[in-house]
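The chain contents come next:
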Number of protein chains: 2
Amino acid sequence: MARISQTIDVARAQILVTLKPSLLDSAGRTVAGSLQNLGFTEVSEVRVGKLIEIELAEYSEARVKEMCEKLLANPVIERFEIKEIV
Amino acid sequence: MARISQTIDVARAQILVTLKPSLLDSAGRTVAGSLQNLGFTEVSEVRVGKLIEIELAEYSEARVKEMCEKLLANPVIERFEIKEIV
């Protein structure tokens, strides 16, 4: 009996987009206040960003960087970090 | 001369909140379409989630999990992953 092995090649990239540290993160500040009101008084700061997970035919950091610069992040106020998920 | 060393103890936690895989991520689908229109035809799927970074007096996974369940994530439709940043 022949064994048929089908491999679907999908690469994955994880992108973390965060506001630059010098900018006020008003969403994060609101969340921090809410956590403190709920009794989580150990919380001093919260920053909120985006997590973007992409499935690609082939992983290329250069291409993913280009996606970030053209669409996924605003380079004026945000910075991004790219990781391949293996 | 006495050396004064001041240590500010701040722990950090990173929380990744994503929609459960069985749910349609309409934001992600829109981003995927835009990427393809921009020429990134290698992209097959995009999922968008939240990245939350917290500064705490002391790290406790149980406490951060409680924060997620009470405020940061919606357990009905989202799942979360907690990491200590060291």
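A brief structural summary. (Residues numbered from 1 in each chain as written. Chains lettered and ligands numbered in written order. Predicted model: local features only at pLDDT ≥ 70, side-chain atom pairs only at ≥ 80, totals over all residues. Heavy atoms only, no water.)

Here we look at the relation of the copies chain B and chain A
Link 1 in the chain: The transformation that overlays chain B on chain A combines an axial shift of 0.0 Å with a rotation of 180 degrees, and the residual RMSD is 0.0 Å. Both copies of the chain, as the preceding transformation shows, are related through a two-fold rotation axis. Among all C-alpha atoms of chain B, that of Lys50 of chain B lies closest to the rotation axis, at 2.3 Å.
Link 2 in the chain: When the interface residues of chain B are mapped onto chain A, 100% of them again fall at the interface, so both copies present the same face. (Least-squares fit on C-alpha atoms with pLDDT ≥ 70 in both. Contact = heavy atoms within 4.5 Å.)

Quick word on the environment of Gln14 of chain A
Link 1 in the chain: Of note, Gln14 of chain A is situated in strand 1 (residues 11-19).
Link 2 in the chain: In this structure the C-alpha to C-alpha distance between Gln14 of chain A and Leu51 of chain A, which are 37 residues apart in sequence, comes to 7.2 Å.
Link 3 in the chain: Sequence-distant contacts of Gln14 of chain A, that is, excluding residues within four places in its chain, are made with Leu51, Ile52, Glu53, Glu81, Ile82, Lys83 and Ile85 of chain A together with Leu16 of chain B. (Helix = DSSP H or I, 4+ residues; strand = E, 2+ residues; numbered from the N terminus.)

Looking at the interface of chain B and chain A
Accessible area lost when the parts come together is the quantity often used to give the size of an interface.
Link 1 in the chain: Taken residue by residue, the interface counts 34 residues in chain B and 34 residues in chain A.
Link 2 in the chain: For the chain B and chain A pair, buried surface summed over both sides reaches about 2,700 Å², with 63% attributable to carbon and sulfur atoms.
Link 3 in the chain: The three residues of chain B that bury the most area against chain A are Phe40, Glu42 and Leu51 of chain B, which together make up 22% of that side's buried surface.
Link 4 in the chain: In this assembly, chain B and chain A are joined by two salt bridges.
Link 5 in the chain: Of the charged contacts in the structure, one is a salt bridge between Arg63 of chain A and Glu42 of chain B, with a shortest N-O distance of 2.8 Å. (Buried area = accessible area lost by both parts, 1.4 Å probe. Salt bridge = Lys/Arg side-chain N within 4 Å of Asp/Glu carboxyl O.)

So, the pairing of strand 2 (residues 43-56) of chain A
Link 1 in the chain: Across seven bridges, strand 1 of chain A lies against strand 2 of chain A in antiparallel orientation. Along strand 2 of chain A, the bridge assignment pairs Ala11 of chain A with Leu56 of chain A.
Link 2 in the chain: Where strand 2 of chain A lies against strand 2 (residues 43-56) of chain B, 13 bridges are found, and the strand directions are antiparallel. Residue pairing in the sheet places Glu53 of chain A in a bridge with Arg47 of chain B of strand 2 of chain B. (Pairing = 2+ DSSP bridges.)

Description of the sheet that holds strand 3 (residues 78-85) of chain B
Link 1 in the chain: One open sheet accounts for six strands, arranged 3(A)-1(A)-2(A)-2(B)-1(B)-3(B); its pairing is antiparallel. With one partner strand each, in any of the chains shown, strand 3 (78-85) of chain A together with strand 3 of chain B form the two edges of the open sheet. For this sheet, the mean inter-axis angle between neighbouring strands, taken without regard to orientation, is 25 degrees.
Link 2 in the chain: Relative to strand 3 of chain B, strand 1 (residues 11-19) of chain B is paired through eight bridges, and the arrangement is antiparallel. Counted as the bridge partner of Ile15 of chain B is Ile82 of chain B from strand 3 of chain B.
Link 3 in the chain: Running at roughly 125 degrees to strand 2 of chain B, helix 1 (residues 26-37) of chain B makes contact with strand 2 of chain A together with strand 2 of chain B of the sheet. (Axes fitted to C-alpha atoms, helices over the stretch in contact; angles between N-to-C directions.)

Some points on helix 2 (residues 61-72) of chain A
Link 1 in the chain: With twelve residues, helix 2 of chain A extends only 14 Å from end C-alpha to end C-alpha; this falls clearly short of the ideal 16 Å at 1.5 Å per step.
Link 2 in the chain: When helix 2 of chain A is considered as a whole, its buried residues turn out to be Val64, Met67, Cys68 and Leu72 of chain A. All buried residues of helix 2 of chain A project into a common sector of 100 degrees when viewed along the axis, lining one side.
Link 3 in the chain: Turning to helix 2 of chain A, the residues buried within the fold contact strand 1, strand 2 and strand 3 of chain A together with helix 1 and strand 2 of chain B. (Expected span 1.5 Å × (residues − 1). Buried < 20%, exposed > 50% of the residue type's maximum accessible area, 1.4 Å probe, protein only. Arc of directions from axis to C-beta.)

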